[in-house]
Amino acid sequence: MRSILIEPTENPKVMKFVADYNLIPGSLELDRTSDLSEIPLAQELFNYPFIERIFITANFIAVAKQDTVEWEFVTDSLKNIIEDQLLANPRIYRQKSKEANPVFAEMTPNPMVMKFVSGKPLLEGFVEVKSREEAAEIPLAKAIFDEFEFAKEVFISDNFVAVTKNVSVEWHEVMVPVRAFITEYLENGGKISNIEPQKHSSPVESIINRDYTENEQKISDILNEYVAPAVEGDGGKISLIGYDEDTKTAKMLLQGACSGCPSSTATLKGGIENLLKQFVPELVQNVEAVNG
């Protein structure tokens, strides 16, 4: 409960109700013709017909009354109303309800990476921040880096945030505060990114700056259909970044949770390489990883 002190003024028609903190920047002067739609406190006070004006500034609310009543009979009631209203709306104006956006934590195959899944979409595409220096234009990533010293990388895609930690902590020690921080950031309407996210349809075009050849497109299509959904489900991304026709070697760009994952080599060799050998044996005999 907010504590309010009652202070008389030199004007016998005006009484001050003083809070222990600043209520608003600037000031408000209100009468019964004012727009009170976003000021519940004033709406409640003007329910009393003897109140003529309300003045709000700094840390107090000054109420002007008619001569039909004496202060001694109404100050306690007005004080109670003001305390209740400041509890609900501490800054006078109607407090906007936060939009619920549940966030769930999920382990990934990479023990250094935890995936935080939002109940609502975050981006159409993805952004990857490999260091604190790269975070200036990605407000969500910058907020995570500023809040958590152990955060090394942030990968944001569709409806999740994948955070890579350093070796100073274990996820069971920090998972809950990270999830709570991301949840609060999203519920408060925090901005995700100031730059255009890369598109899933051709994510490496901005890196290699060229169109795929016919053979590269065949390999990429198989990756997108059979591999990408499972990889993205684990908080990562895999893309064809290069192809050597002489050695029949496909080079894969690993991002998000896949980058630096101890199991990525085994996954490439035991899974993706075998898959490509099965579907396009004339094109692929080897697969190599490039960490993003």
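Residues numbered from 1 in each chain as written. Predicted model: local features only at pLDDT ≥ 70, side-chain atom pairs only at ≥ 80, totals over all residues. Heavy atoms only, no water.

Trainee: Would you take a moment to explain the confidence of the model for the protein for this structure?
Mentor: Detailed reading of the predicted coordinates is not advisable wherever pLDDT falls low. Of all residues in the protein, 85% attain a pLDDT of 70 or more, and the chain-wide mean is 83. Taken together, the stretch residues 202–209 has pLDDT below 50 and engages in 15 contacts with residues farther than four places along the chain or on a different chain. (pLDDT = per-residue confidence, 0-100. Contact = heavy atoms within 4.5 Å.)

Trainee: So what exactly am I meant to see when it comes to the pairing of strand β2 (residues 14–18) here?
Mentor: Two faces make up the sheet, and in a regular strand the side chains alternate between them. Most of β2 sits out of view: four of its five residues are buried. Here strand β1 (residues 5–8) runs beside β2; their pairing, made up of four bridges, is antiparallel. Residue pairing for β2: Pro 8 is matched across the bridge by Met 15. The turn linking β1 back onto β2 is made up of five residues. With five bridges joining them, β2 and strand β5 (residues 60–65) adopt antiparallel strand pairing. Looking at the pairing, Val 18 lines up with Phe 60 of β5. (Buried < 20%, exposed > 50% of the residue type's maximum accessible area, 1.4 Å probe, protein only. Helix = DSSP H or I, 4+ residues; strand = E, 2+ residues; numbered from the N terminus. Pairing = 2+ DSSP bridges.)

Trainee: What is the right way to look at the sheet that holds strand β4 (residues 51–57) in this model?
Mentor: Picture the strands of a sheet paired through backbone hydrogen bonds; they go either parallel or antiparallel. Across the sheet, five strands lie side by side as β1-β2-β5-β4-β3; this open sheet has antiparallel pairing. The sheet is open, and its two edges are formed by β1 and β3 (27–30), each paired on a single side. Direction aside, neighbouring strands of the sheet carry axes that sit 20° apart on average. Taken together, the six bridges between β4 and β5 define a ladder with antiparallel strand orientation. The partner of Thr 57 across the bridge, within β5, is Phe 60. Helix α2 (residues 75–88) contacts β1, β2, β4 and β5 of the sheet and is inclined by roughly 40° relative to β2. (Axes fitted to C-alpha atoms, helices over the stretch in contact; angles between N-to-C directions.)

Trainee: Is there a simple way to explain a negative patch on the surface in this structure?
Mentor: Taken together, the side chains of Asp 244, Glu 245, Asp 246 and Glu 288 define an acidic patch exposed on the protein surface. Within the fold, Asp 246 resides in the loop between β11 (236–244) and β12 (249–256). (Patch = residues over 30% accessible without salt bridge, like charges linked within 9 Å, V, L, I, M, F, W, Y side chains within 5 Å. Areas by Shrake-Rupley, 256 points an atom, 1.4 Å probe, with all protein chains shown as cover. Salt bridge = Lys/Arg side-chain N within 4 Å of Asp/Glu carboxyl O. Lys, Arg positive; Asp, Glu negative; His and termini not counted. Charge placed at Lys NZ, Arg CZ, Asp CG, Glu CD.)

Trainee: Would you take a moment to explain the packing of aromatic side chains for this structure?
Mentor: Each aromatic ring pair is characterised by the separation of its centres together with the angle its planes make. Counting across every chain of the model gives seven aromatic pairs. Between Phe 116 and Trp 171, the aromatic rings sit 6.0 Å apart at their centres with planes inclined by 65°, giving edge-to-face as the arrangement. Placement of the pair is Phe 116 in strand β7 (residues 113–118) and Trp 171 in helix α4 (residues 171–187), with a sequence separation of 55 residues. According to the relative accessible area criterion, Phe 116 is buried, its value standing at 1%. (Phe/Tyr/Trp six-rings, centres within 6.5 Å; stacked < 30°, edge-to-face > 60°.)

Trainee: Any chance you could explain the pairing of strand β9 (residues 151–157) here in plain terms?
Mentor: Taken across its seven residues, β9 has six buried, putting it largely inside the fold. In terms of strand pairing, strand β8 (residues 126–129) meets β9 through four bridges, oriented antiparallel. When the sheet's bridge partners are listed, Glu 128 is paired in β9 with Phe 155. Where β9 lies against strand β10 (residues 160–165), six bridges are found, and the strand directions are antiparallel. Across the sheet, Glu 153 pairs through a bridge with Thr 164, a residue of β10.

Trainee: Where do I start with unusual backbone geometry in this structure?
Mentor: Most of the time, phi is negative for any residue but glycine, and the peptide bond is trans. Even without being a glycine, Ile 92 presents a positive backbone phi close to 75°. With respect to the helices and strands, Ile 92 occurs in the loop between α2 and β6 (103–107). The phi torsion at Asp 158 lies on the positive side, around 55°, for a residue other than glycine. The residue Asp 158 is located in the loop between β9 and β10 in this model.

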